[in-house]
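For reference, the chains in residue letters:
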Amino acid sequence: MSIGSIGECPPSAGPSAVKWMGWTAVALVAWTIVYSQLVPFADWVVAATHVDPKSHLGEALAFFAYDTPKVLMLLTLVVFGMGVVRSFFSPEKTRALLAGKREGIGNVLAASLGIVTPFCSCSAVPLFIGFVSAGVPLGVTFSFLISAPMVNEVALGLLFALVGWKVAVTYLVFGLAVAIVSGWVIGRFHLEHWLEDWVRNIRANATELPPERLTVVDRIKAGLEAVKDIVGKVWPWIIAGIAAGAFIHGYVPADLLATIMGRGAWWSVPAAVVIGIPIYSNAAGIIPVVEALLAKGAALGTVLAFMMSVIALSLPEMIILRKVLTIRLIVVFVGVVGAGILAVGFLFNALFQ
Amino acid sequence: MKDVKVLGPGCKRCITAAEMVQAEADKLGVPVKVEKITDYAAIASYGIASTPGIVIDGKVVHAGGLPKSEDLARWLAA
């Protein structure tokens, strides 16, 4: 490479960086102003339809008119923020941090990095092999693979928006706990011989990538890219989820759910986990439903267990992982994670009377 | 002739990445042979942990997400 070529220049805060940061600040202020007007907006929508606000239809309408813009706006903000944060991480950097780490501390680190490392499900197999062949212990790799889809910004952002920060923090802490403990338990079983043969035979050296030089502008662009990518993909799910939630709000009698999904029914937690496995939805579709269920008297532990099961254990993911794991190892994976989710459900129902 | 390999199981981003390489090379007038590597074992042998990955003349230059076109230009010109 010749001296003075473009790549040698260090990131600098030129006039374009100032412009980008200025526009970001303007957008944030506009966001705040619009967000503060959502309640009057929803009232206006309901009033404009001339439906009695106290009727079933009126309650469903108000829920829909308020929640749809609120959720989409909060989600956009959270996804933008996470997009910027994630530009500081990559699976290769995470792997370098995890390689050779002891189990225990490795599981904690892997589950935490699972939140901030950019990860898409089509990369799950290369990531799995890349981690294991570079000396990341199997259990630590699992902690990452459980945490990455389950504790993500869409789930946390929506929970925060719809159910409140307490439940969002609870979900974060216990989602991490399930990922850490499940990965650690799988590691204790020493099941490396249950990987597919070809995976065990790969001996690849972890490649050092040339260091990226990202400017502030690149990171803001990464945030916008994430918004385009994620919000652009999940918004139909959100609207469908909010419509389902609005229906539950307006029409499903509270007593019914309190009986089926309330604390009194001990069997509702295992039932929620089992039902959640074949259901494939992402956080975006399930959380508006979760909110409505909670409002109608379903127990928090049962609902959290259902949500974790839907997001963390999905058939498509298992089919992808089947390329690298034997059936026996997948069964162990589902069993251990399912047991962890079950424990979270029961614990919550016992703690929050 | 530069030998470019795009590593990825065949997801949309991998296809887009391959198209970006070809387009950038055409723009710069650099002759390239773009090959898609979709076999998981072959991808893993390059030591990356995320896809799409880009390998130019045997050297891994990029992994994970779409490359920036100015980076592509730099790698192809090197």
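**Regarding the interface of chain A and chain B**
Alright, step 1. Between chain A and chain B, the contact holds 27 residues from the first and 21 residues from the second.
Alright, step 2. Among the elements of the structure, α4 (91-98) and α6 (124-133) of chain A are those that each provide at least two residues to the side of chain A that touches chain B.
Alright, step 3. Taken together, the residues that form the side of chain A that touches chain B break down as 16 nonpolar, 8 polar and 3 charged.

**A few points about the nonpolar core**
Alright, step 1. Within the largest apolar cluster, 118 residues are counted, with the highest numbers of intra-cluster contacts made by Ala155(A), Leu158(A), Val303(A), Ala305(A) and Met308(A).
Alright, step 2. Take this core: its biggest share by element is 12 residues, from helix α3 (residues 56-86) of chain A.

**With respect to the environment of Ile180(A)**
Residue and element names in this part refer to chain A.
Alright, step 1. Residue position: Ile180 is located in helix α9 (residues 165-188).
Alright, step 2. Given 25 C-beta atoms within a 10 Å radius, Ile180 is considered buried.
Alright, step 3. When the C-alpha atoms of Ile180 and Thr32 are compared, they prove to be 36 Å apart, with 148 residues separating the residues in sequence.

**Focus: the confidence of the model for chain A**
Parts of the model with low pLDDT should not have their predicted coordinates read in detail.
All names here are of chain A.
Alright, step 1. Model confidence for chain A is summarised by a mean pLDDT of 84, while 94% of its residues fall at 70 or above.
Alright, step 2. The least confident element of chain A, judged by mean pLDDT, is helix α12 (residues 254-261) at 72; the most confident is helix α5 (residues 105-116) at 94.
Alright, step 3. Confidence drops under pLDDT 50 across residues 1-11; counting only partners more than four residues distant or on other chains, this segment forms 10 contacts.

**Some details on the sheet that holds strand β4 (residues 59-63) of chain B**
The pairing of strands in a sheet happens through backbone hydrogen bonds and is either parallel or antiparallel.
Residues and elements named next belong to chain B.
Alright, step 1. Spatial ordering of the open sheet is given by β2-β1-β3-β4, a layout of 4 strands whose pairing is mixed. Both outer strands of the open sheet, β2 (32-37) and β4, are each paired with one neighbouring strand and no more. Strand-to-strand twist in this sheet, taken as the mean axis angle between neighbours without regard to direction, amounts to 20 degrees.
Alright, step 2. With 4 bridges joining them, strand β3 (residues 53-56) and β4 adopt antiparallel strand pairing. Of the residues in β4, the one forming a bridge with Ile54 is His62.
Alright, step 3. Of the strands in this sheet, β1 (2-7), β2 and β3 are in contact with helix α1 (residues 12-28), which crosses β2 at around 175 degrees.

**With respect to the confidence of the model for chain B**
Alright, step 1. When pLDDT is averaged along chain B, the result is 90; 100% of the residues meet or exceed 70.
Alright, step 2. Interface predicted TM-score (ipTM) for the complex: 0.85; the corresponding pTM is 0.84.

**Observations concerning helix α14 (residues 283-295) of chain A**
All names here are of chain A.
Alright, step 1. When the terminal C-alpha atoms of α14 are compared, their 18 Å separation across 13 residues agrees well with the 18 Å that a helix rising 1.5 Å per residue should span.
Alright, step 2. Across the 13 residues of α14, 12 count as buried, placing the element largely inside the fold.
Alright, step 3. Within α14, burial applies to Ala283, Ala284, Gly285, Ile286, Ile287, Pro288, Val289, Val290, Glu291, Ala292, Leu293 and Leu294.
Alright, step 4. Gly297 sits one or two positions beyond α14 and adopts a positive phi of about 95 degrees.

**Considerations on the pairing of β2(B)**
A regular strand places its side chains on the two faces of the sheet in alternate fashion.
All names here are of chain B.
Alright, step 1. Judged from the 6 bridges that link them, β1 and β2 form a sheet pairing that is parallel. Within the sheet, the bridge partner assigned to Asp3 lies in β2 and is Lys33.
Alright, step 2. Crossover connection from β1 via α1 to parallel β2: handedness right-handed.

**Quick notes on helix α11 (residues 216-251) of chain A**
All names here are of chain A.
Alright, step 1. The terminal C-alpha atoms of α11 lie 49 Å apart, and with 36 residues this matches the ideal 52 Å at 1.5 Å per residue to within 8%.
Alright, step 2. Of all the residues in α11, the buried ones are Ala222, Gly223, Ala226, Ile230, Val234, Ile238, Gly241, Ile242, Gly245, Ala246, Ile248 and His249.
Alright, step 3. Of the surrounding elements, those touching the buried residues of α11 are α3, α8 (153-162) and α14.

**Remarks on the environment of Ala292(A)**
Residue and element names in this part refer to chain A.
Alright, step 1. By the element assignment, Ala292 lies in helix α14.
Alright, step 2. On a C-alpha basis, the gap between Ala292 and His249 in space is 5.8 Å, while along the polypeptide they are 43 residues apart.
Alright, step 3. Beyond its immediate sequence surroundings of up to four residues, Ala292 is in contact with Gly245, Ile248 and His249.

**Considerations on unusual backbone geometry**
Among all residues save glycine, negative phi is the norm, and among peptide bonds the norm is trans.
Alright, step 1. Of the consecutive residues Thr51(B) and Pro52(B), the connecting peptide bond is found in the cis state with omega at -5 degrees.
Alright, step 2. With respect to the element layout, Pro52(B) can be found in the loop between α2 (40-44) and β3.
Alright, step 3. Even without a glycine there, the phi angle at His190(A) is positive, about 50 degrees.
Alright, step 4. Tracing the chain through its elements places His190(A) in the loop between α9 and α10 (197-201).

What counts as what
- Residues numbered from 1 in each chain as written.
- Chains lettered and ligands numbered in written order.
- Predicted model: local features only at pLDDT ≥ 70, side-chain atom pairs only at ≥ 80, totals over all residues.
- Contact = placed C-beta atoms within 7 Å.
- Helix = DSSP H or I, 4+ residues; strand = E, 2+ residues; numbered from the N terminus.
- Nonpolar A, V, L, I, M, F, W, Y, C, P; charged D, E, K, R; others polar.
- Core = buried A, V, L, I, M, F, W, Y, C linked by C-beta atoms within 7 Å.
- Buried ≥ 20, exposed ≤ 12 C-beta atoms within 10 Å, placed from the backbone.
- pLDDT = per-residue confidence, 0-100.
- Pairing = 2+ DSSP bridges.
- Axes fitted to C-alpha atoms, helices over the stretch in contact; angles between N-to-C directions.
- Expected span 1.5 Å × (residues − 1).
- Right-handed = clockwise from strand over helix to strand, strands pointing away.

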